[in-house]
Amino acid sequence: MDFFNPALVKNVTFVRPAYFIISGFIRLAAMKYYYVFLFFVYIVSVLGNIAVMAVIYLDHNLRTPKYVAVFNLAFVDLLGSTALVPKLLDIFLFNHYYIPYNDCLTFLFFCYTCLSMQALNLVTLCYDRLMAIMFPLHYHVTVTHKIMFSIIASFWSVTVLSVLIADGLLTRLSFCKSVVINSYFCDHGQIYRLACNDNFPSFVISKLLPFLFLWLPLVVILSSYICIGYALAKVAAAPERVKALKTCTAHLSLVAIYFFPIIITFVMASGIHPNARIINLSLASVIPPMLNPILYVFHTQEIRLSIKRILKGRHQTKIKKSVFS
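Residues numbered from 1 in each chain as written. Predicted model: local features only at pLDDT ≥ 70, side-chain atom pairs only at ≥ 80, totals over all residues. Heavy atoms only, no water.

Draft legend 1. Highlighting the environment of Leu 208. With respect to the element layout, Leu 208 can be found in helix α7 (residues 200-233). Overall, Leu 208 belongs to the partly exposed group, its relative accessible area being 36%. For the pair formed by Leu 208 and Ala 166, sequence separation is 42 residues and the distance between their alpha carbons is 9.9 Å. (Helix = DSSP H or I, 4+ residues; strand = E, 2+ residues; numbered from the N terminus. Buried < 20%, exposed > 50% of the residue type's maximum accessible area, 1.4 Å probe, protein only.)

Draft legend 2. Region of the structure containing a nonpolar patch on the surface. A grouping of Leu 208, Phe 211, Trp 215, Leu 216, Val 220, Phe 266 and Val 267 is seen on the molecular surface, where their side chains present a nonpolar patch of about 610 Å² in accessible area. Elements with a contribution of two residues or more to the nonpolar patch: α7 and α9 (249-268). If you trace the backbone, Val 220 turns up in helix α7. Take Val 220: its relative accessible area is 35%, and that puts it in the partly exposed class. (Patch = residues over 30% accessible without salt bridge, like charges linked within 9 Å, V, L, I, M, F, W, Y side chains within 5 Å. Areas by Shrake-Rupley, 256 points an atom, 1.4 Å probe, with all protein chains shown as cover. Salt bridge = Lys/Arg side-chain N within 4 Å of Asp/Glu carboxyl O.)

Draft legend 3. Summary view of the nonpolar core. Of all hydrophobic cores here, the largest spans 98 residues; its most connected members are Phe 20, Tyr 35, Cys 186, Ile 191 and Phe 259. When residues of this core are assigned to their parent elements, the largest contribution, 19 residues, is made by helix α3 (residues 101-134). (Core = buried A, V, L, I, M, F, W, Y, C linked by side-chain atoms within 4.5 Å.)

Draft legend 4. Just the packing of aromatic side chains, in detail. Tallied over the full model, the rule gives 17 aromatic pairs. Here Phe 25 and Tyr 34 contribute two aromatic rings whose centre-to-centre distance is 5.7 Å and whose plane-to-plane angle is 90°, an arrangement assigned as edge-to-face. Judged by relative accessible area, Phe 25 falls into the buried class, the value being 12%. For Tyr 34, a relative accessible area of 13% corresponds to the buried category. Put simply, the rings of Phe 25, Tyr 34, Tyr 35, Phe 37, Phe 92 and Tyr 97 pair up and form one aromatic cluster. (Phe/Tyr/Trp six-rings, centres within 6.5 Å; stacked < 30°, edge-to-face > 60°.)

Draft legend 5. Seen up close, the pattern of salt bridges. Scanning all chains against the criterion turns up 5 salt bridges. Glu 302 is the salt-bridge partner of Lys 66, the closest N and O atoms lying 3.9 Å from each other. With Lys 66 in helix α2 (residues 65-92) and Glu 302 in helix α11 (residues 301-324), this residue pair connects regions lying 236 residues apart in the sequence. Take Lys 66: its relative accessible area is 13%, and that puts it in the buried class.

Draft legend 6. Region of the structure containing the state of the cysteines. Throughout the structure, instances matching the rule amount to 2 disulfides. The disulfide partner of Cys 104 is Cys 186, and the S-S distance across this bridge is 2.0 Å. Handedness of the Cys 104-Cys 186 disulfide follows from its S-S torsion of about -125°: it is left-handed. Separated by 82 residues along the polypeptide, Cys 104 in helix α3 and Cys 186 in the loop between β3 (180-181) and α6 (188-192) bring together distant segments of the chain. For the residue pair Cys 104 and Cys 186, the accessibility class agrees, reading buried in each case. Paired by a disulfide, Cys 176 and Cys 196 hold their sulfur atoms 2.0 Å apart. Taken as a pair, Cys 176 in the loop between α5 (145-170) and β3 and Cys 196 in the loop between α6 and α7 lie far apart in primary sequence, 20 residues in all. What makes Cys 196 partly exposed here is its relative accessible area of 34%. By sequence-ordered numbering of the bonded cysteines, the protein has its disulfides arranged as 1-3, 2-4. Left unpaired, Cys 111 is separated from the closest cysteine sulfur, that of Cys 114, by 7.5 Å. In this structure Cys 111 comes out as buried when scored by relative accessible area, which is 11%. (Disulfide = S-S within 2.5 Å.)

Structural measurements only, silent on function.
Take a look at the structure:
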């Protein structure tokens, strides 16, 4: 018995549409300027995240477990922005509102995978800060390359499997009425509500995914910082407390930028206007990937020093070539 094919379970007419229609904003003029804005945000995001990955790759001093997580964060930001923004621009700037069924599910898979991994990457970086501040003497034992790679690999596995299940459950739905998705991309919640057969499994997964990839990571991060605050409160010297807190500012900024707009959308739920929901979620999808590399450059001294070393090394190489030529 095929779990994902309800036509084999019940004697019903199963309708799989050839395409979905992405509606986007409802009765808003001049929205093309907004999409152009998203394009420039995307360009900055691509350049910034490629730069961060290049710096980590080129500088052997940054081959530490912490920067394995930072590299993964930059990679996910780059992948997520590339999965979303070019397709979004194709749909709304070039009026390709009709998206084939299989393409829509693929679009959904990459968007949800990257959005979920962004939250889990923040948990990974939080683990690094927690071990560094609470157990500084054991830091090099508790935060190793093996442990960091294991955490990241497990997060990728759970995320990919969860989103694949969500995607698979959508394939068992029959769409015999509307195929218009009231969102800016192939939104899981909007798609399963269009079904005209039993969509309860998709309803369950729609509640489970936010718990796994939004609320649970947020609770873990907040609990970790409560522990960090408690540990720092025991430190007698104020300068030491300030120094330790400064190492967390970049991460705390990323947490606020990522979680705040998404939580607002989830808390307000049905009370928020569809256009406001689209703006909120689209900005939450593209702004963090743009700001993450900027925040890490300005807040992390190691990356600033690394960039200076790389630029200085290239400058010296050019001088040597000019001398010997």
